[in-house]
There are 2 protein chains.
Amino acid sequence: VILAVTLNPAIDVTYYLDRIVRHSGLRVDRVLERPGGKGVNVARVAASCGADVGATGLAGGHRGERLRAGLAGYRIRDEFCPIEGETRQTVNIVETGQAGLPTELREPGPAVTQAEWDRFVARFPALAAGADVVTMSGSLPPGVPAGAYATLTAATRSVSTARVIVDTGGEALRLACAAGPDLVKPNEDELLAATGASKGDRLHRVLDGASALRDLGAAAVVVSLGRSGSVAVTPDGRWRASHDAVTGGNPVGAGDALVAGLALSAAGQPMGGQPAGGWAAALSRASGLAMASVLATSAGEVDPAAAERFAAGIRIREIRGRDR
Amino acid sequence: VILAVTLNPAIDVTYYLDRIVRHSGLRVDRVLERPGGKGVNVARVAASCGADVGATGLAGGHRGERLRAGLAGYRIRDEFCPIEGETRQTVNIVETGQAGLPTELREPGPAVTQAEWDRFVARFPALAAGADVVTMSGSLPPGVPAGAYATLTAATRSVSTARVIVDTGGEALRLACAAGPDLVKPNEDELLAATGASKGDRLHRVLDGASALRDLGAAAVVVSLGRSGSVAVTPDGRWRASHDAVTGGNPVGAGDALVAGLALSAAGQPMGGQPAGGWAAALSRASGLAMASVLATSAGEVDPAAAERFAAGIRIREIRGRDR
């Protein structure tokens, strides 16, 4: 079982229209709506690969109800806790007459009360007890303490041997590391912002940053580098995953697909140090899912067959030498 | 009692952000959400002026529930009929760092089934029976026949002496006129599109178009002309309302405020030909509300005191002479 935590989920709405003309009224040609937020995307990708997936977090109001009701359609168990505030929405505008990425409008999350957060923390151990892997993804809504992922990591440890994977940035990432998660997955910007690593070329900066997060307490670090692939720094060695494919598409959600792939591998061997098949296999699978996600209509979607084809073309190189 | 009909209502969401940068991720600083759609705006303006107001139409899904739940906060009775489809939303983007109007993204409405429309038509007479004025505003969602407002006008006539005011365009407007509503309120574009009036200067075109709608069966026609005010062509004479004030602001919803003002006056004298106080008084009040609406944060809102001040400055001129 993979349990995906999304404390600040969203209803993701995608608008298709010819062109954004500012300061005018625009008719939307087509509307797509789905449950979203980074952890929900992780859950959707993992479920589409056939995994047994539950999703939890904080959801409120009519949008929260709609989000929760939508999970069943993706074969995801709804374990969300209700809050009073209204779940946010994210509006993506795709200009069908134009090249270029969608324009994304991100609402702030709803305010969460201390009592609501305490209730979630009290309920969480029962959910984590049944999980092989717990993923924790995305930003924290207002009112949730910066140490939230540290709290949930410690709670998981107290009830199970589940692997913990954290994908966030800033202070929440630094505090989470101190609780000793099995894996953290920042992107390059989040990594450099959280660690201040700034010396040397790109690879050295990333390796320095990843080492800094391991020093803070994370067992392993996978840094997503967009089109440049990813770098893994683990107790078992360091690897770089890259590819030659040129894929147009939407990179939003690629990091979530990467986390889903790492979670799938971790779920295959919940007790050990390395993921099932070793890090190289885990990185290939996860990178293939990330690439397939770029091709998909929206975040949280992958074609598993395309992901397998991409995975076969991923280059994994072990990083050796004096670099720390 | 004013009964405001909105067959294609919307959740109106307003986003405040510094600037739209296309093809990028944008953080929304502030979110405003309220029940919307043209008839709901009419209801909100009329209720804010102290009138006894009910709102009906078709609302569905979680957004429909949210819209209906939101009416109580404006002291509007919820008389909406449920449908299966999800009520649309309209997203308005206000660029706080830029001059200019908001960018408005309008979703298409939900599909309405024949059975749902029949159920609404069956329930409508009981609602109309208690009304002094029935307003019918806006577009028709897919599945609702173009003759919808004609059907509802005839239904109103069969159960009450309520005044009927219709604000729409296109084929729906032409068909509604044939059912003999007391007043139709197209804007200039809608008027010219529905009647093909194209000869002479602006005033002549508008007068010709309004006469054409009266020939079709509408007892009176008020044409909204944006900053240029409005023109009324009625059985009792023709008037032009204008003003000298220079108001910045958002014109979306000004037409709805105008309709609300006309409805308030019609409600004052439900049995007669002229609205209470005569057409000149009705146009002044309605025009003041329209101007106050332009100053308000969003459609459907007015400061009644500001509206009264504006109303005092409205110039009403009777149009005489040979023009038909």
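Preceding block: the structure.
Residues numbered from 1 in each chain as written. Chains lettered and ligands numbered in written order. Predicted model: local features only at pLDDT ≥ 70, side-chain atom pairs only at ≥ 80, totals over all residues. Heavy atoms only, no water.

A.B. asks: I would appreciate a short explanation of the overall build of chain A in the present structure.
C.D. replies: Within chain A one finds ten helices and 16 strands. Judged by the C-alpha coordinates and their principal axes, chain A covers about 60 × 45 × 35 Å. Per-residue burial over chain A gives 56% buried out of 324 residues. Considering only contacts within chain A whose residues lie at least 6 apart along the sequence, 67% involve residues at least 24 apart. Put simply, chain A shows about 12200 Å² of open surface, and 52% of that area lies on carbon and sulfur atoms. (Helix = DSSP H or I, 4+ residues; strand = E, 2+ residues; numbered from the N terminus. Buried < 20%, exposed > 50% of the residue type's maximum accessible area, 1.4 Å probe, protein only. Contact = heavy atoms within 4.5 Å. Areas by Shrake-Rupley, 256 points an atom, 1.4 Å probe, with all protein chains shown as cover.)

A.B. asks: Would you explain the sheet that holds strand 8 (residues 88-95) of chain B in this entry?
C.D. replies: Backbone hydrogen bonds hold the strands of a sheet together, and the pairing may be parallel or antiparallel. Taken in spatial order, the five strands make up an open sheet running 3(A)-9(B)-8(B)-2(B)-4(B), and their pairing is mixed. The open sheet has two edge strands, strand 3 (25-27) of chain A together with strand 4 (30-36) of chain B, and neither has a second partner. The sheet shows a mean angle of 20° between the axes of neighbouring strands, direction not considered. Pairing geometry for strand 2 (residues 10-17) of chain B and strand 4 of chain B, over seven bridges, is antiparallel. By the bridge assignment for strand 4 of chain B, isoleucine 11 of chain B is matched with proline 35 of chain B. (Pairing = 2+ DSSP bridges. Axes fitted to C-alpha atoms, helices over the stretch in contact; angles between N-to-C directions.)

A.B. asks: Help me understand the side chain of serine 265 of chain B, please; the structure alone is not making it clear to me.
C.D. replies: Within the fold, serine 265 of chain B resides in helix 8 (residues 254-267). Within the local environment of serine 265 of chain B, its side chain forms a polar contact with the side chain of arginine 285 of chain B, the two groups lying 3.4 Å apart. (Polar contact = N/O pair within 3.5 Å; in protein donor to acceptor, adjacent residues only side chain to side chain.)

A.B. asks: How should I be thinking about helix 1 (residues 38-48) of chain B in this particular structure?
C.D. replies: Each α-helix winds once per 3.6 residues, and so residues spaced three or four apart point in a common direction. Residue and element names in this part refer to chain B. When you tally the buried positions in helix 1, you get nine out of eleven residues, the bulk of the element. For helix 1, the set of buried residues is Gly39, Val40, Asn41, Val42, Ala43, Arg44, Val45, Ala46 and Ala47. Just beyond helix 1, the residue with positive phi is glycine 50, at close to 95°.

A.B. asks: Where do I start with the interface of chain A and chain B in this structure?
C.D. replies: By a widespread convention, an interface's size corresponds to the accessible area lost as its parts come together. Opposite the 36 residues of chain A that make contact, chain B presents 36 residues. In total, chain A and chain B occlude about 3000 Å² of area from one another, counting both sides; carbon and sulfur atoms represent 49% of this. Summed over the three residues of chain A that lose the most area to chain B, namely Arg22, His23 and His62 of chain A, the buried surface amounts to 22% of that side. Inspection of the chain A/chain B interface yields six salt bridges. (Buried area = accessible area lost by both parts, 1.4 Å probe. Salt bridge = Lys/Arg side-chain N within 4 Å of Asp/Glu carboxyl O.)

A.B. asks: What's the story with the packing of helix 1 of chain B against helix 8 of chain B in this structure? I'm lost.
C.D. replies: When two helices pack together, their arrangement is given by the angle between the helix axes and the distance between those axes. Residues and elements named next belong to chain B. Running from N to C, helix 1 and helix 8 cross one another at 55°; their axes reach a closest spacing of 8 Å. On the basis of their axis angle, the class for helix 1 and helix 8 is oblique. The interaxial crossing formed by helix 1 with helix 8 has right-handed handedness. Contacts between helix 1 and helix 8 involve Lys38, Asn41, Val42, Val45 and Ala46 on the former and, on the latter, Asp256, Ala257, Val259, Ala260 and Leu264. For the contact of helix 1 with helix 8, a count of residues per class yields seven nonpolar, one polar and two charged. (Parallel < 35°, antiparallel > 145°, perpendicular 65-115°, else oblique. Left-handed = near helix turned anticlockwise from the far one by under 90°. Nonpolar A, V, L, I, M, F, W, Y, C, P; charged D, E, K, R; others polar.)

A.B. asks: Any chance you could explain the packing of aromatic side chains here in plain terms?
C.D. replies: Two aromatic rings, taken as a pair, are described by how far apart their centres are and by the angle between their planes. All names here are of chain A. According to the stated counting rule, one finds four aromatic pairs over all chains in the structure shown. A ring pair is formed by phenylalanine 120 and phenylalanine 124, whose centres lie 5.8 Å apart and whose planes are at 40°; its orientation type is tilted. With phenylalanine 120 and phenylalanine 124 both in helix 3 (residues 114-128), this residue pair falls four residues apart, about one helical turn. Judged by its relative accessible area of 1%, phenylalanine 120 falls in the buried class. In this structure phenylalanine 124 comes out as buried when scored by relative accessible area, which is 0%. Among the aromatic side chains, those forming a connected cluster through ring pairs are Trp117, Phe120 and Phe124. (Phe/Tyr/Trp six-rings, centres within 6.5 Å; stacked < 30°, edge-to-face > 60°.)

A.B. asks: Mind showing me how you'd approach the sheet that holds strand 4 (residues 30-36) of chain A here?
C.D. replies: Judged by pairing direction, the sheet is mixed, and its five strands sit side by side in the order 4(A)-2(A)-8(A)-9(A)-3(B) without closing on themselves. Single-partner strands in this sheet number two, and they are strand 4 of chain A together with strand 3 (25-27) of chain B. Looking at each pair of strands side by side, their axes are set apart by 20° on average, direction ignored. Of the strand pairs in this sheet, strand 2 (residues 10-17) of chain A and strand 8 (residues 88-95) of chain A are connected by eight bridges, and their pairing is parallel. Across the sheet, leucine 17 of chain A pairs through a bridge with glutamate 95 of chain A, a residue of strand 8 of chain A.

A.B. asks: Looking at this structure, how should I read the side chain of arginine 44 of chain B?
C.D. replies: Residues and elements named next belong to chain B. By the secondary structure assignment, arginine 44 is in helix 1. Judged by its relative accessible area of 2%, arginine 44 is buried. When sequence neighbours within four positions are dropped, the list of residues in contact with arginine 44 reads Arg34, Pro35, Tyr74, Ile76, Ala299, Gly300 and Glu301.

A.B. asks: Could you clarify how one ought to interpret the relation of the copies chain A and chain B in this entry?
C.D. replies: Between the two copies of this chain, the relationship is a rotation about some axis together with a displacement along it. Overlay of chain A on chain B (RMSD 0.0 Å): rotation 180°, translation along the axis 0.0 Å. Taken together, the rotation angle and the small translation identify this as a two-fold axis. Taking the C-alpha atom as reference, chain A places histidine 62 of chain A closest to the rotation axis, 2.7 Å from it. Comparing contact sets, 100% of the residues at the interface of chain A also lie at the interface in chain B, consistent with an isologous, same-surface contact. (Least-squares fit on C-alpha atoms with pLDDT ≥ 70 in both.)

A.B. asks: Teacher, can you tell me more about unusual backbone geometry here?
C.D. replies: It is generally the case that most residues other than glycine have a negative phi and that most peptide bonds are trans. One non-glycine residue, arginine 75 of chain A, lies in the positive phi region at around 55°. Tracing the sequence through the fold places arginine 75 of chain A in the loop between helix 2 (61-71) and strand 6 (76-78).

A.B. asks: Looking at this structure, I do not really get the pairing of strand 14 (residues 230-234) of chain B. What am I missing?
C.D. replies: Working note: regular strand, side chains alternate between the two faces of the sheet. Residues and elements named next belong to chain B. Summarising burial for strand 14: five of the five residues are buried, a large majority. Where burial is concerned, the two faces of strand 14 agree: the one with Ser230, Ala232 and Thr234 and the one with Val231 and Val233 are both buried. Relative to strand 14, strand 13 (residues 220-224) is paired through four bridges, and the arrangement is antiparallel. When the sheet's bridge partners are listed, valine 223 is paired in strand 14 with valine 231. Count of turn residues in the strand 13/strand 14 antiparallel hairpin: five residues, of which glycine 226 carries a positive phi of about 65°. The sheet contact formed by strand 14 and strand 15 (residues 237-242) spans five bridges and is antiparallel. Each bridged residue has a counterpart across the sheet, and for threonine 234 the counterpart in strand 15 is glycine 237. The antiparallel hairpin formed by strand 14 and strand 15 contains two residues in its connecting segment.

A.B. asks: For this particular structure, what's the right way to read the nonpolar core?
C.D. replies: Nonpolar side chains in soluble globular proteins tend to end up buried together. Leu105 and Leu262 of chain A together with Leu105 and Leu262 of chain B are the most contacted members of the largest nonpolar core, which has 114 residues in total. Dropping the residues within four chain positions of it, leucine 105 of chain B is found in contact with Tyr15, Leu17, Leu26, Val28 and Ile93 of chain A together with Gln89, Thr90, Val91 and Ile93 of chain B. (Core = buried A, V, L, I, M, F, W, Y, C linked by side-chain atoms within 4.5 Å.)

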